[in-house]
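Below are the chains, spelled out letter by letter.
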Amino acid sequence: MAYNDHAATAHDHDAHDHKPHGWRRWVYATNHKDIGTMYLVFAGISFFIGGSMAMLIRLELFKPGLQFLDPQFFNSMTTMHALEMIFGAVMPAWTGLANWMIPMQVGAPDMALPRLNNFSFWILPFAFTLLLASLFVPGGGPAGGWTMYPPLMLQGGASFPMTIFAIHMMGISSILGAINVVVTIMNLRAPGMTLLRMPLFVWTWLITAYLLIAVMPVLAGAVTMLLTDHFFGTTFFTAAGGGDPVMYQHIFWFFGHPEVYILILPAFGVVSEIIPTFSRKPLFGYEAMVYATASIAFLSFIVWAHHMFTVGMPLAGQLFFMLSTMLIAIPTGVKVFNWTATMYKGSLSFEPPMLFALSFLFLFTIGGLSGLMLAIVPADYQYQDTYFVVAHFHYVLVPGAVFAIMGGVYYWLPKWTGNMYDLTLAKWHFWLSTIFVNVLFFPQHFLGLAGMPRRIPDYAVQFTDWNQVSSIGGFAFGLSQFLFPYIIWKCVRGGVRIGNRAWEGAHGLEWELPSPPPFHSWTDPPSDALIQRGSAH
Amino acid sequence: MAAGHEIDINMMRKFLSRSAMVAALALSLLPAAHADSGWGQLNMTQGVTAMSRQIYGLHMLMFWLCVAIAVVVFGVMFYSIFAFRKSRGAIPDTTLVHSTTVEIIWTLLPIIILVATAVPAATTLIKTEDLRNSQLTIRVTGFQWGWNYEYLNNGVNFFSRLDRASDAARQLGSGVDVTTVPHYLLNVDRPLVVPVGMKVRVLVTANDVIHSWWVPAFGVKKDAIPGFVNEAWFDIDSDKPGLYRGNCAELCGRDHGFMPIVVDARSKQDFQAWLKTEQLAEHPPAATASAPAAP
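Parameters at a glance
- Residues numbered from 1 in each chain as written.
- Chains lettered and ligands numbered in written order.
- Predicted model: local features only at pLDDT ≥ 70, side-chain atom pairs only at ≥ 80, totals over all residues.
- Heavy atoms only, no water.
- Helix = DSSP H or I, 4+ residues; strand = E, 2+ residues; numbered from the N terminus.
- Expected span 1.5 Å × (residues − 1).
- Bend = angle between axes of the 7 residues up to and from the residue.
- Buried < 20%, exposed > 50% of the residue type's maximum accessible area, 1.4 Å probe, protein only.
- Polar contact = N/O pair within 3.5 Å; in protein donor to acceptor, adjacent residues only side chain to side chain.
- Pairing = 2+ DSSP bridges.
- Axes fitted to C-alpha atoms, helices over the stretch in contact; angles between N-to-C directions.
- Contact = heavy atoms within 4.5 Å.

1. Remarks on helix α14 (residues 423-450) of chain A
Residues and elements named next belong to chain A.
In step 1: When the terminal C-alpha atoms of α14 are compared, their 41 Å separation across 28 residues agrees well with the 40 Å that a helix rising 1.5 Å per residue should span.
In step 2: Helix geometry: α14 is bent most strongly at V439, by close to 25 degrees, with proline P443 lying one to four residues after it.
In step 3: Burial analysis of α14 places 23 of its 28 residues in the buried class, the great majority of the element.
In step 4: Its side-chain oxygen 3.2 Å from the backbone nitrogen of T424, D422 forms the N-cap of α14.
In step 5: Just beyond α14, the residue with positive phi is G451, at close to 115 degrees.

2. What about unusual backbone geometry?
In step 1: Across the junction of A:S515 and A:P516, the peptide omega takes the value -5 degrees, indicating a cis bond.
In step 2: Here A:P516 lies in the loop between β2 (496-497) and α17 (528-534).
In step 3: The peptide bond linking B:Q144 to B:W145 adopts the cis configuration, its omega dihedral lying at 5 degrees.
In step 4: On the secondary structure map, B:W145 appears in the loop between β1 (136-143) and β2 (146-151).
In step 5: Of note in this structure, B:H183 is not a glycine but carries a positive phi near 50 degrees.
In step 6: Its place among the elements puts B:H183 in the loop between α4 (164-169) and β4 (192-195).
In step 7: Taking relative accessible area as the criterion, B:H183 reaches 45% and is therefore assigned partly exposed.

3. Regarding the pairing of β4(B)
Residue and element names in this part refer to chain B.
In step 1: Side chains L192 and V194 project from β4 onto one buried face, and the interleaved V193 and P195 project onto a second face that is buried too.
In step 2: Pairing of β4 with strand β10 (residues 261-266) involves four bridges; the strand directions are parallel. Across the sheet, the residue bridging to V194 is A265, located in β10.

4. Overview of the sheet that holds β2(B)
All names here are of chain B.
In step 1: An order of β3-β2-β1-β5-β8 is seen for the five strands of this open sheet, with the pairing classed as mixed. Each end of this open sheet is capped by a strand with a single partner; those strands are β3 (156-160) and β8 (230-235). Averaged over all neighbouring strand pairs, the angle between strand axes comes to 25 degrees, with direction disregarded.
In step 2: Together, β1, β2 and β3 form the strand contacts of helix α5 (residues 268-282), whose direction differs from that of β3 by roughly 90 degrees.

None of this, on its own, says anything about what the molecule does.
What follows is the structure, given as structure tokens:
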């Protein structure tokens, strides 16, 4: 059995590196790199579709009074914007990064279940075609919020069943992808790649995959009950039939809270790769980071009703969920401290991946702190369903998850293409994004505190000024994002050739492979020496 | 071969001056501040009840705690960014990867802080759920798209909808300048009238979909759920009669943003007088059976 005892060089294309050509390469893809690329391209397209909807929202909210949009259409924009971004952009982007990086990082030749991988991806274009088509049927698109509470959601027209079926399809894609991740990590790690030597990106994805398998079926159950209530005479959510609309909320948020950790845990992983690389110093407290991630995942199952503090929950319930929600701040804080300690007494340089990671660290922490405020129940009575909540979750999702995705792409793009991208343009993308994301979302804290509810197309005159600032920030942020696909496209076409290790301080098995890696990498497992050299700590 | 690329100072300077020009241009497009100007609206209201003030206090406590945490964490972060730059010749201390003592401290200290803040939070929460000894009960029903108020045991029942001036102005392409409409989107045709200095209980429910009854000045928000009845209470300071405005706080369809709440808080005597007038209007003494209140 041959071990790769030497770092592969750029000329290392062996005779086994032929790949299929034409459309069959993509439609029949079983290669983790190709499937990863497809997920990322799909996520990028969804990001711009969801982003356009956000631009429409901010356009209508620029001034009080209704200038452009019918209120029903506005509600369908807020609903679809969230569905596109959560299920179309962020989750597929993480799955794309998982597909590209996990096999290379654990020394595996591919994902454990390649044909399942193909199926998982190809469900998505169909699911989203169905979802987007629902905008064009009589009655318009779904307009009950991405949370789809009954009875309102049951007032939907033809778009309602289309939305439900699209969500079922997306859920199946996520569950199958998650199974693939778990099986790959548990079974295909190279000998010597023990669990506690794995890069943190792999750890966070392992834990995320378990969360997905646990909660996506719960969402499927919730939306199926919506479907049967509407079409088959069940009364799960109707008091007259012995049901309860609040039960839907419990079931939805039992999915929904772990879901938001599904959106952010891989970000923690990416940032835990980038910061040590550009600090030239190993991650501080590797084991603590693993345990903190696992604690967050466990705790995420027992906080769900903090989305429901105003529904009329018994006092004991409100107290329990307040305390458990405050508790989840602890492991999250530990991670922030560990990243900061990694930088402390390091040797820092500020390439685009590091810029995005640092922006994440700063701005995600702000989002986390507003989350701590939201946990306090009596105060939450004033925050719930206002722009304060909107500000909170956009801070953790945009400069949180999205910036971490972008940072990850800027980190690994040279590995995927063999070319260094235009660093100057990437820094422009970074600065414009960071500045305008704050112009867009920070004022929304003020709006919420001043009393502006969410999901409204028009508002009282005293909310005008900060809405205008936010909208200007939104347009500028949105425009800046066009730099991103341009930079990537330009890099794919060509750039300064790089070797295996694109970044001086980078550690990990992926950096032992050529850039770009061969179509099939680690066909022979890496040696223990290579694993040691690649080990994060 | 991307070794240490640092922030290009000249590029930063050019970017800052250009963005300053863009910002100046953008700001010039904004309307000038006026009486209703929102620039000063930065914080939650303290409200006009003891509970709303307690809530405000909790909010400020958590806010300053978060500021303190942010100052410390970002302080270390920015210090590191400044002092440990490779371009400044920093050599990484690759042995600084572990410290059980520090890990324990920064796990325990937050736990202690959170337990400390949980105590006042729980105390206030328990008080908000104390619905005993109320002296007036009003059933609040949310519907698409307005509110119905019924003074239980008093025979007064009426609907409260967005006032007609706001409703005309908010139509798509109405051409009306909404800044000329008084209390645009925060005005109703018939406000809820309540006494000050009295514990008022509201029973909140709905007719169709979930709504939510929210008056920031009282610190009260309660979801209105069809088929179920939620309870909340408020006790407005005796010296604070006046009009208090709120909104529906749960997406309820097309006109979710157009079903505000107005509470007219009056002295106890004025309230009793109003109640009598209302009862007479809705149940005229001329012997015929009472008719339901006109919407």
